[in-house]
Amino acid sequence: MIGLISATAAGAAARDRLAAAWPDRTRVYDGPVGDAVRRAFAECEQLVCFLAAGAVVRLVAPLLGDKATDPGVVCVDEGGRYAVSLVGGHGGGANDLAREVGAVLGAEPVVTTATDAVGIAGLDTLGLPVEGAVAAVSRALLDGEPVALRAEVAWPLPPLPVAEDGPYAIRVTDRLVEPAEREAVLRPPTLVVGVGASKGAPVAEVLDVIETALRDAGLSARSVAELATVDAKAEEPGIVGAAARLGVPLVTYAAEELARVDVPNPSDAPLAAVGTPSVAEAAALVRGGELLVPKRKSAASPAMATCAVVRRPGRGRLAVVGLGPGARDLLTPRAKAELERASVLVGLDQYVDQIRDLLRPGTRILESGLGAEEERARTAVAEAREGRAVALIGSGDAGVYAMASPALAEASDDIDVIGVPGVTAALAAGAILGAPLGHDHVSISLSDLHTPWEVIERRVRAAAEADLVVTFYNPRSRGRDWQLPKALAILAGHREPTTPVGVVRNASRPDESSRLTTLGALDPATVDMMTVVTVGNTATREIAGRMVTPRGYRWQASQEDAQ
């Protein structure tokens, strides 16, 4: 919950706007400001104070305890111009909250945390347990000193400006190791512990067999991702309690599914009790991985609990990102976040140039020229299969005549794939022209490099007969100058010469140009590959210099009746 505190009418107005935008996330604290801050500090995960920064500093200073547990505090000035991350930038989430508040109120977020200020991911913001010389290694990253990355297990980390060797190091491991003097240790959740237990097994016994198994194998309990067991034990108090004590979820599987898992140590006892010859090993191995600790029993007599430990390496992450038509303000916040998260960027060189300044230090860039789409898709998937966080970029929307198709054709279920939508050229051009896409519409590429012209022509004829608004991509190049006239002639067989046609070149870019003409007057020679051509349907009209397709044909009928 986010506590909201204000002292003046202006502050209360901004406070109420935020409360209205986030009704389920916020709580307004009224009364004397000092009392309100103290109550909110004790009851909320975060605070937004609509007060002077100095006043907030004096009010929260006596309340501060530990940066790992203190709530994040954001201060918004009386004029609503700035949202300042004041306390708990990382641990309390105040940096992200300042950005969110700024987006709602139109205020400029002010973040002074050192790593955020220079675009480096803070080691304490990666969502992984971290220990050791965190401050010293972070300072070395900020100062540009060589910091080595020693990854003993693959994990899709964000970009970090690391070197092959250096006096400081970031170690990524699930092993039970003590950090060296100048080393920060990140512990990714790679371990799955399969658990079996007799009815009534004590929590202490279940927990002891798990912790002993991990310790004897030299594995860190901080890297345990989940406990796994059979459905029949989903509510067994000893297993449920052990998961709660370890702070990890409990995942269960049907006995039939576990019975199909090949395990080294099957047994008749669980087969008779729950319908599978293995619980601990099978539950740990059911989603794949490396068996590090075979089934072992608890030390009690008789033993009432068993466990097995499997390592599942981190799955690579491929984000297929649409950059939009080119204007920076049409790049979505989600796309920007994915660009900042990726440690590897794959893309066409001219698209990389558009967003190079948004990339964090340490991002590895793999760029290539026109015509290498399939190669870029293969490269991106291969990088993700190595356990990395990868962004594959394309213009417009990644799924529309762009990189999502070849990438997903190459990818299998061994990596995570995230699609990030973008503003397409058709949508950008439509907004410039007016509202040409107000009714059913279709986009057709006139490039026959990947599609035979016979197929393209059949689609154009279908769109013409169906009276669809048509947006032509890739309409004309120096080597392909006859396709657009042919397509327009097909449409002209079903539409009047006065049908509005919009022509937009480089939509949303600095050299953008647009014009409204008609099907009969359009000169194809004025169109190139940077142009989008939108042809209206029989209901489309030019109104006040804008191209408008009404949402229904009743509008057209009423116009004809009036005439």
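Note that this is a predicted model, so its numbers are computed, not measured.

A. Focus on the overall build of the chain. Of the regular secondary structure elements, the chain holds 19 helices and 28 strands. Taking the principal axes of the C-alpha coordinates as reference, the chain spans close to 95 × 65 × 55 Å. Sorting the 563 residues of the chain into buried and exposed places 47% on the buried side. Looking at the chain, you have 56 positive and 71 negative side-chain charges, and the mean spots of the two groups are 1 Å apart.

B. Quick peek at the state of the cysteines. Applying the stated criterion across every chain, the model contains zero disulfides. Free of any disulfide, Cys-44 has its nearest cysteine sulfur in Cys-49, 10 Å distant. Note on Cys-44: relative accessible area 7%, which makes it buried. Under the relative-accessibility criterion, Cys-49 is labelled buried at 0%.

C. Structural detail: unusual backbone geometry. Here the residue pair Ser-301 and Pro-302 is connected by a cis peptide bond, since its omega of 0° sits within 30 degrees of zero. Relative to the assigned elements, Pro-302 resides in the loop between strand E14 (290–297) and strand E15 (305–311). Unusually for a residue other than glycine, Asn-506 sits at a positive phi of about 50°. Summarising the element assignment, Asn-506 is placed in the loop between strand E24 (500–505) and strand E25 (513–518). What makes Asn-506 buried here is its relative accessible area of 7%.

D. Examining the environment of Ala-377 more closely. Relative to the assigned elements, Ala-377 resides in helix H14 (residues 373–385). Residue class for Ala-377 comes out buried when judged on its relative accessible area of 1%. For the pair formed by Ala-377 and Ile-393, sequence separation is 16 residues and the distance between their alpha carbons is 9.9 Å. Excluding residues within four positions of it along the chain, Ala-377 makes contact with Leu-392, Met-403, Pro-406 and Ala-407.

E. Main features of the pattern of salt bridges. Per the counting criterion, the structure on display carries 33 salt bridges. Across the pair Arg-81 and Asp-77 runs a salt bridge whose closest N-O atoms are separated by 3.4 Å.

F. Examining the nonpolar core more closely. Val-193, Val-206, Ile-210 and Leu-227 are the most contacted members of the largest nonpolar core, which totals 22 residues. Mapped by element, the contributors of at least two residues to this core are strand E11 (191–197), helix H7 (203–216), strand E12 (224–230), helix H8 (237–246) and E15. By residue number, the principal contributor to this core is H7, which donates six residues. For Ile-210, the contacting residues outside a window of four places in its chain are Val-193, Val-195, Leu-227, Ala-242, Leu-246 and Cys-307. Core analysis: the next-biggest nonpolar cluster, separate from the first, contains 21 residues, Ile-456, Val-460, Ala-464 and Val-503 among them.

G. Spotlight on the sheet that holds strand E10 (residues 183–186). Pairing within the open sheet is mixed, and its four strands lie in the order E7-E10-E9-E8. Whereas interior strands pair on both sides, the edge strands pair on one side only; in this sheet they are strand E7 (130–132) and strand E8 (147–151). Taken over all neighbouring pairs, the strand axes of this sheet differ in orientation by 20° on average, direction set aside. Direction of pairing for strand E9 (residues 168–172) relative to E10: parallel, over a ladder of four bridges.

H. Spatial organisation of the packing of helix H17 (residues 453–465) against helix H18 (residues 483–492). It is the contact of H17 with H18, at a shortest axis distance of 9 Å, that shows an interaxial angle of 30°. Judged by the inter-axis angle, H17 sits roughly parallel to H18. Viewed along their axes, H17 and H18 form a crossing whose handedness is right-handed. Mapping the contact onto sequence places Trp-453, Glu-457, Val-460, Arg-461 and Ala-464 in H17 and Gln-483, Lys-486, Ala-487, Ile-490 and Leu-491 in H18. Looking at the contact of H17 with H18 residue by residue, the classes come out as six nonpolar, one polar and three charged.

I. Structural view of the packing of helix H1 (residues 9–21) against helix H4 (residues 94–105). Viewed as axis vectors pointing N to C, H1 and H4 meet at an angle of 100°, and their least axial separation amounts to 10 Å. The orientation of H1 with respect to H4, classified from their angle, is roughly perpendicular. On H4, the residues touching Ala-14, Arg-17, Leu-18 and Ala-21 of H1 are Val-101, Val-104 and Leu-105. When grouped by side-chain class, the residues that make up the contact of H1 with H4 number six nonpolar, no polar and one charged.

J. The arrangement of the pairing of strand E17 (residues 344–348) in detail. With five of its five residues buried, E17 lies for the most part within the structure. Bridge analysis of E17 against strand E18 (residues 364–368) gives five bridges, and the strand direction is parallel. Along E18, the bridge assignment pairs Val-344 with Arg-364. For the segment spanning E17, helix H13 (residues 349–355) and E18, crossover handedness is right-handed. Relative to strand E19 (residues 389–394), E17 runs parallel, the two being bridged by three bridges. Following the sheet pairing, Val-344 is matched in E19 by Val-390.

K. Region of the structure containing the sheet that holds strand E26 (residues 531–535). The strand order across the open sheet formed by five strands is E22-E23-E26-E24-E25, and the pairing between neighbours is mixed. Each having just a single partner strand, strand E22 (441–445) and E25 make up the two edges of the open sheet. Within this sheet the neighbouring strands show an average axis-to-axis angle of 20°, counted without direction. With three bridges connecting them, strand E23 (residues 469–473) and E26 associate as antiparallel partners. Residue Val-470 lies in a different strand from E26, and its bridge partner there is Val-535. Across the sheet, helix H16 (residues 425–433) is in contact with E22, E23, E24, E25 and E26; its angle to E24 comes to roughly 115°.

Criteria and thresholds
Residues numbered from 1 in each chain as written. Predicted model: local features only at pLDDT ≥ 70, side-chain atom pairs only at ≥ 80, totals over all residues. Heavy atoms only, no water. Helix = DSSP H or I, 4+ residues; strand = E, 2+ residues; numbered from the N terminus. Buried < 20%, exposed > 50% of the residue type's maximum accessible area, 1.4 Å probe, protein only. Lys, Arg positive; Asp, Glu negative; His and termini not counted. Charge placed at Lys NZ, Arg CZ, Asp CG, Glu CD. Disulfide = S-S within 2.5 Å. Contact = heavy atoms within 4.5 Å. Salt bridge = Lys/Arg side-chain N within 4 Å of Asp/Glu carboxyl O. Core = buried A, V, L, I, M, F, W, Y, C linked by side-chain atoms within 4.5 Å. Pairing = 2+ DSSP bridges. Axes fitted to C-alpha atoms, helices over the stretch in contact; angles between N-to-C directions. Parallel < 35°, antiparallel > 145°, perpendicular 65-115°, else oblique. Left-handed = near helix turned anticlockwise from the far one by under 90°. Nonpolar A, V, L, I, M, F, W, Y, C, P; charged D, E, K, R; others polar. Right-handed = clockwise from strand over helix to strand, strands pointing away.

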